Structures are given as C-alpha cells and as structure tokens.
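Report on the structure
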Amino acid sequence: MAALRAIEAEWRALASTGSGGLFRGPDWLIPWWQAYHATLAAELYVVVGRATEPDASGVAAGEIVCLAPLYRRTVKVALLDTRELRMIGDAGPRPPALDLLARTGWEDRAGTAIAKKLIEEASTWDLIDLEPLADPSRVRAHLVQRLAPLGFTVESSPSAGGATRIALALAPIDATDTSSVVTTYGDDLAALRKGMSALRRLSRLEWADRDEPSPLADPEAIGLLEQVAMELGKHGRVRLARLDDAQGEACAVALIVDDGDRAVVLAMAVDPQAGRASARLLHAEALAARSRGCIALDVVQGAVEYTLPALPSSKQPVLAVRVWGLSTTASVGRTLSSVTRRARRARETPLVAAAQARAAWTRIRSAAASVAAYDRYCLYRGQLWTRGIEPVAGLELTSLSEADYDQLDESRRADLLEQLAFNEATARVQWRRGDQTVLASLGVRPAGIAWAARGPIEAPELGRVLRMSKYDAYIHSVYVAPAARGRAVAPVMLEQLAKTLRATDAYRSWALIASDNHASLRAFQKASFTPVCDVIHAKMATVDRVVCRPPDPEAQELLGLEP
C-alpha cells in the first residue's frame, strides 16, 4: 500500500486520460481496497508499467504508461484451493465499468507487456477473473491475444451490471423540476449519513423480492460510500438526492458523483410500491446534471430495471473475462465450470418448448399475484436504557392493570374505547398472560396506550410464536389518540416501559411494526430503537412463509426461522 500511495498522483493522471477516470483511479480504488481487502482475504497484485525510453509523444523514460489494478486471493473450487487474480473494485457497490489503464497510443504495448508479466508468473495463479470490464478495451484485447496462443483458456461473455446512459443534450439547461427532491451534499456528514440510512432501507426492500441480501447492507459497502462521498464532497462532486412521499418518508434515494463530463448514479434504491418514483428522481437529477455542464447521466444497474425519464438512453454493456492457467487446479476448475455452463445452457436452451414453458410460468406468476399477499414489517430492537425523554406539559403516565380497569366508571371506559380503540376482550387476555400496560393521559382524556409482554408469545401478524429469552420483552399495540398525536406521546410511553421492564430484569426489547406505519417507525427511532431487518410475510392459499432481509441471526432465532 505504501508503494501504491507513492504513485497515487501518476495513477490519477493516467486514469484521467479518456472517460471515467474516477472509478479507474486511486480516489475510488484505494478506499475500496481499504474497505474490502480484509473481508476478501486479499493481497495487492498491481502491475505497473513504465517507459524504458523517451517517446515522440512526450513521454519521459521511467514515466508510468500502463497499470493493471489487480488483487490476489485464494478460494475453493471443486474442493481445491484456487488462486485468483481479480480487479480491484469488483465487489460491493460496483461502478459502471473497470478497466486496465494505458496512455493513449500505448494500448498494444501495454497489453503485450502485462501479458508477458502474467505469463512469467503463471505458476502463482490459477485463474484471472476480470469483471466488470469496459467494452471496448484495446488493452484487454491485446492482453487476451497474447495469452490465448500459449495454452491459456480464455472465456469471454457479457457480464451482469453495467449502466444505462441518459444523454443530456436534449435536457433543459435549467433544473426546473426538482421541487420535490431533497439534495444533500457530501460535506454535510450528518445529513449524508441519514440519507445513506434511507438508501440502505430501500435497497433491502428491493433485494428482498429476489430473496437476496442487498449489496449495500454490509458495513464495508456503507463505509466505502461514506468515505468517498466525504472526500469528493469537499470538491462539490457528490450529492445524495431523496424523493419523499406524501407522508414525508423517502421513497427513492440516489447517490450521484460527478466523473469528468458525466454524472454517475452510483447507488440507487426505490420503494417497490412507489410506482414511477425512479423516473421522477432520475428526471430531476438529469436536469441538475445538465445544469452543471454534464453531457450524460450513467445509472448503474441494480436489483431492478428502473423506469427511466423521457430522455434518450442507451445500454453501456460490460464484459466478464476469465483466463484459466496451466496448473492442475486450473484444469479441474475449468472442467467444472464447463460442465456447469453446459448444464445451465441445456436448462435454458431457447427452443420452442422452453419458450412455451417460460411463457406458461409467466402466466402462472401473473395469476398467483392476484391471490398472493405480502405483508412487510420492520423489526426493531432496543436496549432498555432510559434516554431522558421529557413529557410535554400536562402529560401523565400511569400503569393500567386489569384491577385498575375494573375500577373505572362507565364514562372512563367509554373514553378509552373512543380515544384509543380499546378492545376489552383482547386486553383481558393480554393482562392474564402477564402483559404490562402504560396509559398516557392529557388532562382527563386518554392520550395513548402501550403494552409489553414477557416470555414466548404469539405474534398474530405472522401467525407464529416469538422465541424470546427470559431477559427479553416484546412491545406491542402502541396506540396514540388522534387528538394527541404530534406531542411525542409514544416515545414517552416507551421510555416509561423501559423503566418498568428494567425493574423486572428485562434488558432487551423487540417490536414489530408495519412498514407503512410511519408514525410508529419515527416514534421507535426517537426512542433509540435500532432497525434490525425487514420481515416479509408471504401468504398464498395454504402457503405461508416468513423471511428476514437481511438475514439477521438474532431476528431469525426470535422468529423461529432456519439460518
């Protein structure tokens, strides 16, 4: 790393020749390495080429003319330790494309020299796996041309990812349609982190539909994006755009960085239920990019195909290139890869029968969508420490037991029913199983109620028993009277429950909140509860399934799910 830092200025200058210099240079790749190298158990393998003599174009002897930003790691393939060479930047939040660098006019010599170096050290690697590579790339083409004739097996195919480029030549110069978009700049750290939290939340919702964890959910990804955003934000090259719904909650978030004459939507997430929010947000950001002098807005591919604004756009494809070495391990891995690829091709062959089967499956999914139901909840976890939340003037908190309720007169009971949607039969069941209750009052009128349960109890929303330890509590049925809303009644009740539960040796609490209950979500966040995961409850006919996204181990244990 010290040697890499020493050539940082020359590397940045080399990357700036051509388009897309940010993601090929040290300003992105060094923070990426710092974030991910420990997780990947990787070591640097950066190949640097210098001119041996002056050049007619003005290159001096010893000047850097090419660079291959690679790293090496060992993985298991067919139970064998396979030594891989990969591109720095190929995990987590990926840019539109990566590439091997060369000065203009040096591409063929650079490709040949890098190939020679890799051939000389062929005993130290089994597989070169380069993805996502820019296409076209003259350095990559010359590199492959030198490796293939020497017995190295080269595989090239389109890669997942890439970007969609929105041309801005026809976009208005003035950004006139951005009134509903809230923009945060990279130098505002607190607001940036708040926006990044919304980005992670929406990304989890997107990827939950694929039963996969979001690439933005891990701490490495969020640390990388925050570090780059703060550094580039000092130069005005970063903005985080958020589009809010009618309730003031984020329904679409995008992180945009300026890279030369283009702007890049590096990370984006949209609430699956927000309809055309992506088109509205991207339209506003296209106008903003045009006003900054950019000629294009690149949208990196994510979990879904986003609805684009009514502006000219085109796909920017990328390649995946694999070069298998000459070792026995490489031979076994290549054979396994070939067999797997042929099996996949046999399953997905585009014959008439396969096309009909896919069409039938589409019809089945469409029919199932009309009878399937998906409920989304947010699971929150809180440590039962008091936060010193002060109640507003006139707000009083008391416990309400079954005996206390029985002593109330009819008018007071009617008040509870009217103001708090109180259900006497349900309340008596909860009291008799040992639930504790906090009642908030403003003057003589009930303002709110909250319940806490201990021990294993059933969550009716999910139809399953929560497996809590003896030190856990479950907070549920938090309700604030319409006339008392907006006065922080719920956070104060949660504070009181924390004091009461601590006195009974409870040290941790859980809460399950519907994802569209924005008022409750804000109340629990104000009471310092932490969002753990999204819980999706899928129901169709006799099929009932609960999944956590991301798959938090403690949440899975609480819900009785297999890890």
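Owing to the predicted nature of the structure, the values given are computational and were not obtained by experimental measurement. (Residues numbered from 1 in each chain as written. Predicted model: local features only at pLDDT ≥ 70, side-chain atom pairs only at ≥ 80, totals over all residues. Heavy atoms only, no water.)

Now for the overall build of the chain. In terms of regular secondary structure, the chain is built from 17 helices and 26 strands. For the chain, restricting intrachain contacts to residue pairs at least 6 apart in sequence, the fraction spanning at least 24 positions comes to 72%. Working note: accessible area of the chain is about 26900 Å², and carbon and sulfur atoms make up 53% of it. (Helix = DSSP H or I, 4+ residues; strand = E, 2+ residues; numbered from the N terminus. Contact = heavy atoms within 4.5 Å. Areas by Shrake-Rupley, 256 points an atom, 1.4 Å probe, with all protein chains shown as cover.)

Under the definition given, this model contains 12 aromatic pairs. Residues Y471 and Y507 carry aromatic rings whose centres are separated by 5.9 Å and whose planes lie at 55° to one another, so their mutual orientation is tilted. In this pair, Y471 is assigned in the loop between β22 (464-466) and β23 (472-480) and Y507 in the loop between α15 (489-502) and β24 (508-514), connecting sequence segments 36 residues apart. Using a relative accessible area of 41% as the deciding quantity, one classes Y471 as partly exposed. Classification of Y507 by relative accessible area gives partly exposed; the value is 37%. (Phe/Tyr/Trp six-rings, centres within 6.5 Å; stacked < 30°, edge-to-face > 60°. Buried < 20%, exposed > 50% of the residue type's maximum accessible area, 1.4 Å probe, protein only.)

It is worth spelling out the sheet that holds strand β2 (residues 47-50) at this point. As summarised here, the arrangement of the three strands in space is β2-β3-β6, forming an open sheet in which the pairing is antiparallel. Edge positions in the open sheet fall to β2 and β6 (101-102), since each of these has one partner strand only. Direction of pairing for β2 relative to strand β3 (residues 64-68): antiparallel, over a ladder of four bridges. By the bridge assignment for β3, V48 is matched with L67. Packing against the sheet, helix α2 (residues 8-15) makes contact with β2, β3 and β6, and its axis sits at approximately 90° to β3. Each of β2, β3 and β6 touches helix α5 (residues 107-120); the most contacted strand, β3, lies at about 50° to it. (Pairing = 2+ DSSP bridges. Axes fitted to C-alpha atoms, helices over the stretch in contact; angles between N-to-C directions.)

Its place among the elements puts E8 in helix α2. Assessed through its relative accessible area of 17%, E8 is described here as buried. Other than its neighbours up to four places away in sequence, E8 contacts P26 and I30.

Where α5 contacts helix α6 (residues 138-147), the axes come no closer than 7 Å and their chain directions differ by 45°. It follows from the interaxial angle that α5 and α6 lie oblique. α5 and α6 meet at a crossing whose hand is right-handed. Contact residues: α5 offers E107, D108, G111, T112, I114, A115, L118 and I119, while α6 offers R138, V139, H142, L143, R146 and L147. In terms of residue class, the contact of α5 with α6 is made up of seven nonpolar, three polar and four charged. (Parallel < 35°, antiparallel > 145°, perpendicular 65-115°, else oblique. Left-handed = near helix turned anticlockwise from the far one by under 90°. Nonpolar A, V, L, I, M, F, W, Y, C, P; charged D, E, K, R; others polar.)

Below, the discussion takes up the environment of R508. Within the element layout of this structure, R508 appears in strand β24. The spacing of R508 and Y474 is 34 residues in sequence and 8.7 Å in space, taken between C-alpha atoms. Those residues in contact with R508, other than ones at most four positions away along the chain, are R381, G382, Q383, L384, Y471, D472, A473 and E554.

We now examine the pattern of salt bridges. Going through the model one piece at a time under the given rule, you end up with 33 salt bridges. In this structure, the salt-bridge partner of R262 is D298, at a minimum N-O distance of 2.7 Å. Remark: D298 occurs in strand β14 (residues 296-300) and R262 occurs in strand β13 (residues 262-270); sequence separation between them is 36 residues. When its relative accessible area of 1% is taken as the criterion, D298 is described as buried. (Salt bridge = Lys/Arg side-chain N within 4 Å of Asp/Glu carboxyl O.)

Moving on, we get to the packing of helix α7 (residues 189-208) against helix α8 (residues 219-233). Across the interface, α7 lies against α8 with an axial gap of 11 Å and an inter-helix angle of 145°. With respect to the hand of their crossing, α7 and α8 are arranged in right-handed fashion. Contacts from L189, L192, R193, M196 and R200 in α7 reach I222, L225, E226, A229 and M230 in α8. Residues of the contact of α7 with α8, tallied by class, amount to seven nonpolar, no polar and three charged.

The next point concerns the sheet that holds strand β9 (residues 163-167). Taken in spatial order, the seven strands line up as β10-β11-β12-β13-β14-β9-β15 in an open sheet, and their pairing is mixed. Two strands lie at the open edges of the sheet, namely β10 (181-185) and β15 (313-316), each paired on one side alone. Looking at each pair of strands side by side, their axes are set apart by 25° on average, direction ignored. Sheet topology places strand β12 (residues 250-259) next to β13; eight bridges connect them, and they run antiparallel. By the bridge assignment, I256 is partnered in β13 with V265. Here α8 sits on the sheet in contact with β11 (238-244), β12 and β13, set at roughly 115° to β11.

With six of eight residues buried, strand β4 (residues 70-77) is to be regarded as a mostly interior element. Here two bridges tie strand β1 (residues 43-44) to β4, and the two strands are oriented antiparallel to one another. Paired with L44 across the bridge in β4 is Y71. Pairing of β4 with strand β5 (residues 80-87), which is carried by eight bridges, proceeds in the antiparallel orientation. Note on β5: the bridge partner recorded for V75 is T82.

Attention now goes to the environment of P312. Looking at the element boundaries, P312 is found in the loop between β14 and β15. Sequence spacing of P312 and A167 is 145 residues, and the spatial spacing of their C-alpha atoms is 5.5 Å. In this view, P312 contacts R165, I166, A167 and L170; residues no more than four positions away in its chain are not counted.

This next bit is on the environment of S528. Within the secondary structure, S528 sits in the loop between α16 (518-526) and β25 (530-540). Note on S528: relative accessible area 35%, which makes it partly exposed.

Residues of the chain with pLDDT of at least 70 account for 88%, and the chain-wide mean is 82. Ranking the elements of the chain by mean pLDDT puts helix α11 (residues 352-371) last, at 55, and β2 first, at 94. (pLDDT = per-residue confidence, 0-100.)

It is worth spelling out helix α4 (residues 26-40) at this point. Approximately 40° is the largest bend angle found in α4, and it occurs at Q34. Three or more residues of α4 are buried, namely P26, W28, L29, I30, P31, W32, W33, A35, Y36 and L40. Note on α4: the residue one or two positions beyond its end, A41, has a positive phi of about 50°. (Bend = angle between axes of the 7 residues up to and from the residue.)

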